[in-house]
Amino acid sequence: MFIAVSLLTLLALVFGILLGFAAQKFKVEGNPIVDQIDTLLPQTQCGQCGYPGCRPYAEAIANGDKINKCPPGGTATMEKLAELMGVDPEPLNASAETQVKKVAYIREDECIGCTKCIQACPVDAIIGAGKLMHTVLTSDCTGCDLCVEPCPVDCIDMIPVTPNLKNWNWQLNAIPVTLLDEEKPC
Amino acid sequence: MLTLLDQLDQGTLWRSPGGIHPPQEKSLSNTTAIARLALAQQYLVPVPQVGESCTLSVKVGDRVLKGTPLTQGTSLQHLPVHAPTSGTVIAIEPRPSNHASALPVNTCVIAADGQDSWCPLQPSDPAELSQQQILDKVRSAGIAGLGGAAFPSHIKLNPVSEIELVIINGVECEPYITSDDRLMREHSDDILAGIAIIHKLVQPQRIVIAIEDNKPEAAEAMTQAIGRSQLPVGSTRVTVIPTKYPSGGEKQLIQIITGKEVPAGAIPAQLGVLVHNVGTAYAIQAAVLQGQPLVERVVTVTGQSIGRPGNYWVPIGTPVTHLLEASGSTAFAGQKIIVGGPMMGHALPQTQVPVLKGTNCILAPGAAELATEVEEKACIRCGECAQACPAQLLPQQLFWHAKAEEYDKAAGFNLKDCIECGCCSYVCPSDIPLVEYYRVAKSALRQAAEDKLQAERAKQRFEARLQRLEEEKLAREAKAKEAAERRKASMSPKDKDAVAAAMARIQAKKAATETAAVSPDAQATEAAGGNKSAAVAAAVARAKAKKAQQAQTDSPAAVRTEVQTEVQTEVQPAAADDKQAKIAAAVARAKAKKAQQAQADSPAAVQTEVQAEVQTRVQTEVQPAAADDKQAKIAAAVARAKAKKAQQAQADNPAAVQIEAPTEVQTRVQTEVQPAAADDKQARIAAAVARAKAKKAQQAQTDNPAAMRTEVQNEVQTEVQPAAADDKQARIAAAVAKAKAKKAASAAKQDKE
């Protein structure tokens, strides 16, 4: 009786110490699922989900927010998030019109150089200085739309990205050539 | 046990998996010698062709000679582009590209002068040149792989690892193409000279010239040429391989010759093998020995719609249209013209596109060769495609996932190892265009990878920005703290008394505010110049009025409040820099605005008849007498902005039940800009800002969902009377403003309906 009790107490003590040590030694900083969600999000930092940037939304999803609040990511991102989080896919809460990739374009002769769009840009993709013309670095623009509203002279347009030889999508255009005579020896 | 070199010497061949035997149509074009065609009127030279970043070294109107470099670049990948003939650069503009999409690319258009005269060439002897000098010559000649992939040759000729075996690819397995066949028959000695240069550069143990057994004449010519060449005896041999498509593929050929399989994602150099096309060997010879840049290549023009099918020396940049005309094409308009072979080529959406370095064949099939459009049927899982696949993939699985747009699953079946040879489509009994599906899937995967890269970069930039803002904030705080401490340290007892006095005044003011009930009519009409104290007193009075008003409107039981805020701000700046007066006016307007907002924000109780007749008559008559009356203009702009915000606040008011709000907003923005001076830039900018604001205000109004009986009388009377001669902008601005007003009016009308 005494041996059994003391043995179990000893075991409990040993495993307790072991677990306590492991909890200290192998402590995980932050929630790893947030990083996984963050890599799935398109990083436009547009704030259309209602959070200030993609990472805050990733944290919100990890805490149980809905997965259908990301219009730039579209249905594809939503489905990936559903798979990762183990929840049912649900339709996007925004219309699908934002699916086409767009970039901002500043009509430069109308720009008055107020720097308001520069302050609004989440990825520093607009260059310019006070009272000087601004322009958008199209390669870095995420198409988040945030610079359009602050412009006092409405000189920013969101224009769809034109296809080039690199990003052109092959259409199904087969080349039909019939066989003349199959038996011809080769 | 024989070593690999022994086996190579014996001509041992290995079997490559898959492959097909399509009907051969080579006799259509390989019976005549390589000919030359008449010069075209214009040559279309895309710039750049290989490698992204480069600068143009010619401009429109420049005269160029055959072989003049058109571009300069510094990156390793870049190859210069040369003028294909002598003539004049008549345009540098986007033109349709030789690509399945025909998307326009930057093209240098050269009008030929008909003389076809070379620029000065520098012939050299490879024995006297160092390796680096030869590589530089190859690079500056713009030599790319002529087999079709157009990979820069100087990179392949400068391998990092040791090369044991060089394979010269004369296989030419596509059923119609004969350009390499004819080149080997007619220029075998030149090709061998090129091979000797390759031998000098890479120092391989063996060189194998691989030729399919359907080209016995070419094999014979090459064997004889080896005997005549300077190459070490026994180092080079011709190996004849059995005809099978796609033996000419780089990886397939290595497998046939050496029995080794190039691993997925690896390059042949990792196996110690290098593959060059015979055409490339010829071009290397021309570049090093004669100093000629790559400005022309052999192109097979064939098909039953061609009157004189055969092989032609075609300058790079020749329009396909010219090639078809000169070879007696009977192809009808709109017929499919295929670039490359029938197996791997693509149809051209239009023929006014140039021949490029990788263009080895132009195929204009006749009616008998063109299949009728067959319907794609369901996959029956027969497995024929898996048998035929030379890369040993599972085409039906790839198809399955590509069709379902599950591209990552297709990638899991090694889609990227597909060489797009078309064997699977060829054998498919259900006529499924499998390769097209793979091309779509591949481009989608490439796009996804690109998007991911971009997302990663956006994330980095976003995080860098956040960090920067945080640092700036901290720096600002530290600076403010330091400044405060400095102020405190340097403050004299007299200053301290002043601070105490100010505090007392603030207290007194607060006490006064609690009892005050002043009408909100604040008419700021200070015209005095330097009467500072009077202005301050007036400001204090106005502040009190404002607070009182707020208290009134904030009370929840404010039923039937008839607030008639008539802000008649008449800014008439007489003197040039009457600063105080203007500031006072601006403050007054700000207050009027705040009062309106407070009104609009009050939680609307039931049956509240808010008859807010906001008659915002911003009669900003800006009459800048002096040229740089900047302040006056800014003040006017601020006034307009405030009017706009007030309207917006009103429109945003959440309309409760039974509220009859006959809001008659009479926005009369009468911006009478009369620029007296010639380049009165600020005035124009101010006008533009005003118009933009008017537009936004209208939008806000029309967006209001419960805006019943809203009579919007927007009379934007932009009377721009340009006095000076060259104020074009002013007139354009006026036109734009009118257009905007019109649009807003029509939107309002629609909303009402």
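Residues numbered from 1 in each chain as written. Chains lettered and ligands numbered in written order. Predicted model: local features only at pLDDT ≥ 70, side-chain atom pairs only at ≥ 80, totals over all residues. Heavy atoms only, no water.

Student: Would you take a moment to explain a nonpolar patch on the surface for this structure?
Tutor: Taken together, Leu7, Leu8, Leu11, Phe15 and Leu18 of chain A make up a surface patch of nonpolar side chains, about 520 Å² in accessible area. Examined against the element boundaries, Leu11 of chain A turns out to sit in helix H1 (residues 2-25). (Patch = residues over 30% accessible without salt bridge, like charges linked within 9 Å, V, L, I, M, F, W, Y side chains within 5 Å. Areas by Shrake-Rupley, 256 points an atom, 1.4 Å probe, with all protein chains shown as cover. Salt bridge = Lys/Arg side-chain N within 4 Å of Asp/Glu carboxyl O. Helix = DSSP H or I, 4+ residues; strand = E, 2+ residues; numbered from the N terminus.)

Student: Sorry, what's going on with the confidence of the model for chain A here?
Tutor: Interpreting fine coordinate detail is not advised for predicted regions of low pLDDT. Residues and elements named next belong to chain A. Averaged over all residues, the pLDDT of chain A is 82; the fraction at 70 or higher stands at 87%. Averaged pLDDT values for the elements of chain A fall to 86 in helix H4 (residues 74-85) and rise to 95 in H1. Residue range residues 172-186 is modelled with pLDDT below 50. Its contacts to residues more than four positions away, or to other chains, number 37 contacts. (pLDDT = per-residue confidence, 0-100. Contact = heavy atoms within 4.5 Å.)

Student: Any chance you could explain the UniProt feature "binding site: [4Fe-4S] cluster 2" (unreviewed entry) in chain B here in plain terms?
Tutor: All names here are of chain B. This chain's UniProt record puts "binding site: [4Fe-4S] cluster 2" (unreviewed entry) on Cys389, Cys418, Cys421 and Cys424. For the annotated residues, spread through 36 residues, the largest C-alpha to C-alpha distance comes to 10.7 Å, consistent with a single compact locus. Those residues in contact with Cys421 that lie beyond four places of it in its chain are Tyr245, Pro246, Met343, Met344 and Pro390. Apart from the residues within four sequence positions on either side, Cys424 is in contact with Cys385, Pro395, Leu434, Val435 and Tyr438. (UniProt positions renumbered as here; feature names shortened; annotations may be inferred.)

Student: Could you clarify how one ought to interpret the sheet that holds strand E13 (residues 310-315) of chain B in this entry?
Tutor: By definition, the strands of a sheet pair up through backbone hydrogen bonds, in either a parallel or an antiparallel sense. Residue and element names in this part refer to chain B. With mixed pairing, six strands are arranged side by side in an open sheet as E1-E13-E12-E16-E14-E15. Since the sheet does not close on itself, it has two edges, and those belong to strand E1 (35-36) and strand E15 (346-347), each with one partner. Each of strand E12 (296-302) and E13 touches helix H4 (residues 179-186); the most contacted strand, E12, lies at about 125° to it. (Pairing = 2+ DSSP bridges. Axes fitted to C-alpha atoms, helices over the stretch in contact; angles between N-to-C directions.)

Student: What's the story with the environment of Asn63 of chain A in this structure? I'm lost.
Tutor: With respect to the helices and strands, the residue Asn63 of chain A is situated in the loop between helix H3 (54-62) and H4. Distance from Asn63 of chain A to Val34 of chain A, taken between C-alpha atoms, is 9.3 Å for residues 29 residues apart in sequence.

Student: I would appreciate a short explanation of the nonpolar core in the present structure.
Tutor: Across soluble globular proteins, nonpolar side chains have a tendency to be buried as a group. All names here are of chain B. Ranked by internal contacts, the top residues of the largest apolar core, which has 44 residues, are Ile191, Ile195 and Ile209. Of all the secondary structure elements, the ones that give two or more residues to this core are helix H2 (131-140), strand E8 (165-170), H4, helix H5 (188-202), strand E9 (206-212), helix H6 (216-228) and helix H8 (278-290). Non-local contacts of Ile209, meaning those with residues more than four positions away in its chain, are made with Ile168, Leu192, Ile195, Met222, Ile226, Thr236, Arg237, Val238 and Thr239. Counting residues in each nonpolar core, the second largest holds 22 residues, with Ile20, Val262, Cys421 and Cys423 among its members. (Core = buried A, V, L, I, M, F, W, Y, C linked by side-chain atoms within 4.5 Å. Buried < 20%, exposed > 50% of the residue type's maximum accessible area, 1.4 Å probe, protein only.)

Student: In this structure, what is going on with the side chain of Arg465 of chain B? I would like to understand it.
Tutor: Tracing the backbone through its elements, the reader meets Arg465 of chain B in helix H14 (residues 434-490). Its relative accessible area of 10% is what places Arg465 of chain B among the buried residues. Within the structure, Arg465 of chain B has its side chain in polar contact with the backbone oxygen of Cys121 of chain A (distance 2.8 Å). Apart from residues no more than four positions distant in its own chain, Arg465 of chain B is found in contact with Ile118, Gln119, Ala120, Cys121, Pro122, Val123 and Asp124 of chain A. (Polar contact = N/O pair within 3.5 Å; in protein donor to acceptor, adjacent residues only side chain to side chain.)

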